[in-house]
Amino acid sequence: IIHLLNPYYGNIGKRLSKSPKLYFLDTGLACNLLGIRDETDLSSHPLRGNIFETFVVSEVIKFYLNRGIKPPVTFYRENSGLEVDLLVQKGDRFLMIEIKSPQSINSSVYSSLSKISRLNIPQIPWLVYGGDRTWKNDFATNVSFWDISERLGLYENSANTSQ
């Protein structure tokens, strides 16, 4: 139930963090231990964003493990503070996933994805958020947390056909 997510530290000419992130993947147990008993408790809890991020990371990891594939996931963090929550590598392409718990979003949530888009890395930006609708805009594909597995399946299939 513990997962250490390693950082991406490819040769891109930046000073990158090399410390892994620790995730406690059983969010139900984590909520219970934190005294979160229902949606109302969770919606006002100061760790809501962390719990949501952990849930999304665990769903991505399970997507790959359930297919017998070692999860090709890392995260990106520069010493300057720029961070993208999750990178899924497929060949030389990266699915850059920023995770935000609100049900509605504004343009400020794309800040990290916008900054990292300037790096010389072939990338596809996603924002996984707590809402119900999946759509694409000029910044990213905005993926409802309900659609994570379906969208990963589409990504994997498109990555396999384009290689």
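Each value, and the rule that gives it
- Residues numbered from 1 in each chain as written.
- Predicted model: local features only at pLDDT ≥ 70, side-chain atom pairs only at ≥ 80, totals over all residues.
- Heavy atoms only, no water.
- Helix = DSSP H or I, 4+ residues; strand = E, 2+ residues; numbered from the N terminus.
- Contact = heavy atoms within 4.5 Å.
- Pairing = 2+ DSSP bridges.
- Phe/Tyr/Trp six-rings, centres within 6.5 Å; stacked < 30°, edge-to-face > 60°.
- Buried < 20%, exposed > 50% of the residue type's maximum accessible area, 1.4 Å probe, protein only.
- Lys NZ or Arg CZ within 6 Å of the ring centre and 35° of its normal.
- Polar contact = N/O pair within 3.5 Å; in protein donor to acceptor, adjacent residues only side chain to side chain.

## Structural notes on the side chain of Thr 141
Here is step 1: In this fold, Thr 141 is placed in strand β8 (residues 141-144).
Here is step 2: Setting aside residues no more than four positions away along its own chain, Thr 141 makes contact with Pro 125, Trp 126, Leu 127, Trp 135 and Lys 136.

## A word on the sheet that holds β8
The strands that make up a sheet are held in pairs by hydrogen bonds between backbone atoms, and each pair lies either parallel or antiparallel.
Here is step 1: Strand order across the open sheet formed by six strands is β3-β4-β5-β6-β8-β7, with mixed pairing between neighbours. Either end of the sheet is taken by a strand with one partner, and the two such strands are β3 (73-77) and β7 (135-136).
Here is step 2: Two elements, strand β6 (residues 123-129) and β8, share four bridges in a ladder whose sense is parallel. Considered in β8, the bridge of Leu 127 is made with Asn 142.

## Details of the packing of aromatic side chains
Here is step 1: A complete count under the given rule lists seven aromatic pairs for this structure.
Here is step 2: Centre to centre, the rings of Tyr 110 and Phe 139 are 4.6 Å apart; their planes meet at 20°, and the pair counts as stacked. Linking Tyr 110 in the loop between β5 (93-100) and α4 (111-116) with Phe 139 in the loop between β7 and β8, this pair joins segments that are 29 residues apart in sequence.
Here is step 3: Judged by its relative accessible area of 45%, Phe 139 falls in the partly exposed class.
Here is step 4: Here Arg 133 stacks its cationic end above the ring of Trp 135, 4.5 Å away from the centre of that ring.

## Thoughts on the side chain of Thr 74
Here is step 1: Take Thr 74: it is sitting in strand β3.
Here is step 2: Setting aside residues up to four positions removed in sequence, Thr 74 forms contacts with Leu 5, Asn 6, Pro 7, Tyr 8, Asp 85, Leu 86 and Leu 87.

## A few points about the environment of Thr 134
Here is step 1: Looking at where Thr 134 falls in the secondary structure, it is placed in the loop between β6 and β7.
Here is step 2: A sequence separation of 14 residues divides Thr 134 from Ile 148, and the C-alpha atoms of the two residues are 9.7 Å apart.
Here is step 3: Not counting residues within four places of it along the chain, the set of residues in contact with Thr 134 comprises Asn 142, Val 143, Ser 144, Asp 147 and Arg 151.
Here is step 4: Engagement of the side chain of Thr 134 in a polar contact is seen with the backbone nitrogen of Ser 144, the distance being 3.0 Å.
Here is step 5: A polar side-chain atom of Thr 134 sits 2.5 Å from a polar atom in the side chain of Asp 147.

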